[in-house]
Each structure stands twice: as C-alpha cells, then as structure tokens.
Amino acid sequence: MACANACPKGAIDIGINKYGYEKVVIDNGKCVDCGLCAKVCARRMQIERHSPIKCYAGQSRDSEKLKHSASGAAFQMLAEIVLEMGGVCYGCAGKMINGEYSAYHVRVTNVDELQSILNSKYILSHIGTTYQQIKEDLKNGKLVLFGGTPCQALGLKSFLNNEYENLIVVDVICHGVTSKTIFNDYLREVEKEQNIVITDYIFRDKKAGWGSNFCYSYYDNGDKNKIKIKRFPKEGASHEIHYLRGDISRENCFSCEMSNTNRVSDFTFGDYWEIEHPEFIVRNDPALSIRKGINCMMVNTEKGMQYLSKLQEKMVMYEVDLASITRHNSNLLKPSKRGKARDAVLENYYMEGYKKIEENYRKERSMRRRI
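None of these values were measured; they are calculated from a predicted model.

Basis of the calculations
Residues numbered from 1 in each chain as written. Predicted model: local features only at pLDDT ≥ 70, side-chain atom pairs only at ≥ 80, totals over all residues. Heavy atoms only, no water. 1 Å grid on protein atoms, 1.4 Å probe; cavity = no way out; pocket = protein on both sides within 12 Å on 5 of 7 lines; lining within 4 Å. Points joined across faces, edges and corners; volume = space filled by probe spheres on them. Helix = DSSP H or I, 4+ residues; strand = E, 2+ residues; numbered from the N terminus. Phe/Tyr/Trp six-rings, centres within 6.5 Å; stacked < 30°, edge-to-face > 60°. Buried < 20%, exposed > 50% of the residue type's maximum accessible area, 1.4 Å probe, protein only. Lys NZ or Arg CZ within 6 Å of the ring centre and 35° of its normal. Axes fitted to C-alpha atoms, helices over the stretch in contact; angles between N-to-C directions. Contact = heavy atoms within 4.5 Å. Nonpolar A, V, L, I, M, F, W, Y, C, P; charged D, E, K, R; others polar.

## Focus: the layout of surface pockets
Here is step 1 of the chain: Taken as a whole, the second largest pocket spans an internal volume of roughly 620 Å³.
Here is step 2 of the chain: Lining the second largest pocket are 29 residues, with Lys-67, His-68, Gln-115, Asn-119 and Ile-202 positioned closest to its centre.
Here is step 3 of the chain: Elements supplying a minimum of two residues to the lining of the second largest pocket: helix H3 (63-66), strand E4 (88-97), strand E5 (100-108) and strand E8 (196-202).

## Comments concerning the packing of aromatic side chains
Here is step 1 of the chain: Using the criterion set out here, one finds 20 aromatic pairs in the structure.
Here is step 2 of the chain: With a centroid separation of 6.4 Å and an interplanar angle of 20°, the aromatic rings of Tyr-201 and Tyr-216 are classed as stacked. Of this pair, Tyr-201 sits in strand E8 while Tyr-216 sits in strand E9 (residues 213-220), and the two are 15 residues apart along the sequence. In this pair, the class of Tyr-201 matches that of Tyr-216, namely buried.
Here is step 3 of the chain: An aromatic cluster of at least three residues, connected via ring pairs, comprises Tyr-101, Tyr-122, Phe-183, Tyr-186, Tyr-201, Phe-203, Phe-214, Tyr-216, Tyr-218, Phe-232, Tyr-243 and Tyr-354.
Here is step 4 of the chain: The cationic tip of Lys-18 hangs over the ring face of Tyr-350; the distance from NZ or CZ to the ring centre is 4.7 Å.
Here is step 5 of the chain: When the ring centre of Phe-159 is taken as reference, the NZ or CZ atom of Lys-135 above it lies at 5.5 Å.

## Considering the packing of helix H7 (residues 180-194) against helix H8 (residues 238-245)
Here is step 1 of the chain: For the pair H7 and H8, interaxial distance at closest approach is 10 Å and the crossing angle is 150°. Residues Ile-182, Phe-183 and Tyr-186 of H7 pack against Ser-238, His-239 and Glu-240 of H8.
Here is step 2 of the chain: Grouping the constituent residues of the contact of H7 with H8 by class yields three nonpolar, two polar and one charged.

Laid out in structure tokens, this is it:
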C-alpha cells in the first residue's frame, strides 16, 4: 500500500477478487497520471537490506504481560520502551466490527492502548494512511516504532524514501496472510453450525500453553448477556489448517522476496522453536519458560543494537546463533510452499462458498479418526 499512500489524489484503493482476496484498484476518474505510484513501487528494490548482527532467545520478565503475547512479548517490551521515551507505536489491531473480524494498522500513544496491537493476526492488515501518519510523526521529531510483516516494512521504507534516526522498524517472521473475506466466511459457518454469535477471535491463545492454539468468544443466539469461550488446537479449525498447509494464503506469499535473512528492518521477531528441541538446553539462571512463550530476536542494524540494553532490562535474553533460528523458521530461508490442494480449495470456495471447505475438512477428520 505504499502506492496508495503516495497517491496525491486518493485514486488507489482496495477491491476484492472473485476468490475473496484484496487487490489494488485505481479510480481512473481521479488519476492524473503523475507516476508517483510507479516510482514508490519500483523503489522497493533499492531499499538497503541488513544481515543480523546478533541473535537472541528472549522472554519478558513480566509474567502477566507474557499472557497477552503470542511468544515472549519482545515487541510489547520494545513498544513500552518507545512509549516511555515519549514516542508512538504503529501495529496491527484486530477485532470484530459489525459482525466481521477486521485487521488494520493503528497508532498507539500510551501503554493502555498497547494491548490492541499485540498477538498474531493471520489475515491481511489494512495499512490505510498509516505510512502518511508515520511520515508526519517523523517530521515532527517523534520517536516512531512500526511493527508489521516484512512486505509492510518494505512498503514503509519505499514510501518514506529516506532514513530517519527516529524510526525503529520491526518485522515478523511471516508464514503468509489470508484474506478477511475468507476468514469471515469461515466464522459464519461456525456460527451457523453451532447457532452462536462470535464476538472476538484470538489466533494465538496461550491459555493452553505456547503454540498453535486458538479461541473465540461467543454467545448463544438469544443470550447476549452470557459470553463463553471456545478453545481449540489448530486441528479444530478448517481455516487454520488450510492456512498452515498453504491452501489459502495470498498467491504472492508463495514467491515472497522477503523470505530470507536479509531484512529491511532493525529487528526481526518470531517464535524461538529451537527451545523445544534437544539441540538447545538452557542451563542459565533465570531459565526461559517454554510454556509461557519465547521469542527469537534478530538485531539487524546498529540502530537496533542501541536498544539492546533497554530490552535486557525488561527481558531474559540469551545470545544464540542464527542457524538455531532458521532451523525451525523456514520462512527465513524460503517462502511458504503453495498447498497441493490450493486450486481445489479455492474453486470450491468460489463455486459453493466456505460451507464446502468446512464439509470437506470434517470428512477428512472423520476418515482420520477411523484410521
């Protein structure tokens, strides 16, 4: 969305293709052929990449704050540092709005608002005019933290076309994103089948421990006053399984130019899965708790290195080698693999809606149980 933020006439917006995926659309009535969109898009190949200077396994020292993070709360701790220094943070918020779940980037100015941009969201986060807002904050001398996917970090850098000392960029190790339309159609099928109304959804729920667990809040039809919680592993949701298999991510995610260890960001955060394997044994004190979630943290620039001491005050951190991160985060080596069933899944969705995907997944699970 760098092109949309660069357009002086607001001629670029988001549309939906037949499979429910967001696409860029241009209003030719507003377009004045200035070429700024093409310039900002081409500029992305000129953005400097950085290999990690140091790598860490890390976890917040605050157990309560860990509960609100998908991993070890590294982004949350860095955001707190920025806010304590009088800065602002931009990140992805997700919530139900008029019966639909939406993900979008927002501006956060205090710790009380920080919760909205924590945890994972698997659908595309709409940037809106975020890049324009960031540019304004930077020009006004504000310290700015931006968190997003690697392509969003690249989009921001392409739009700004300038290095700002008061900008800190964090990207995540990204498996890809699916569409808001497909995800909400999945939620509607769940609501119909169970006769409920879903009020919230958490993609990485840690109540049952760190990993791929999910949950949603809901109430039974006709009883709005009694909110219940449904928790389940990834196998309990057709949407999450198809996402992890590569059946419903955006097509461009399978050829992502950012799926490597050369980053445009100051920090790259993800899950430090190596801790679960025998190759890594923590003998230090304090130890890292597997159940509470652990971040891998790649520090990619000298600017990032400047914030290490502040992070170490808030986190338990141990230096690790890059290979221990890439071994269990394949998206640092190559893009996600296109699912073998992707064409069939999308065709079923186009012809018969999400109901067909849900039915097929239930049949698959039933057959596996028999075996």
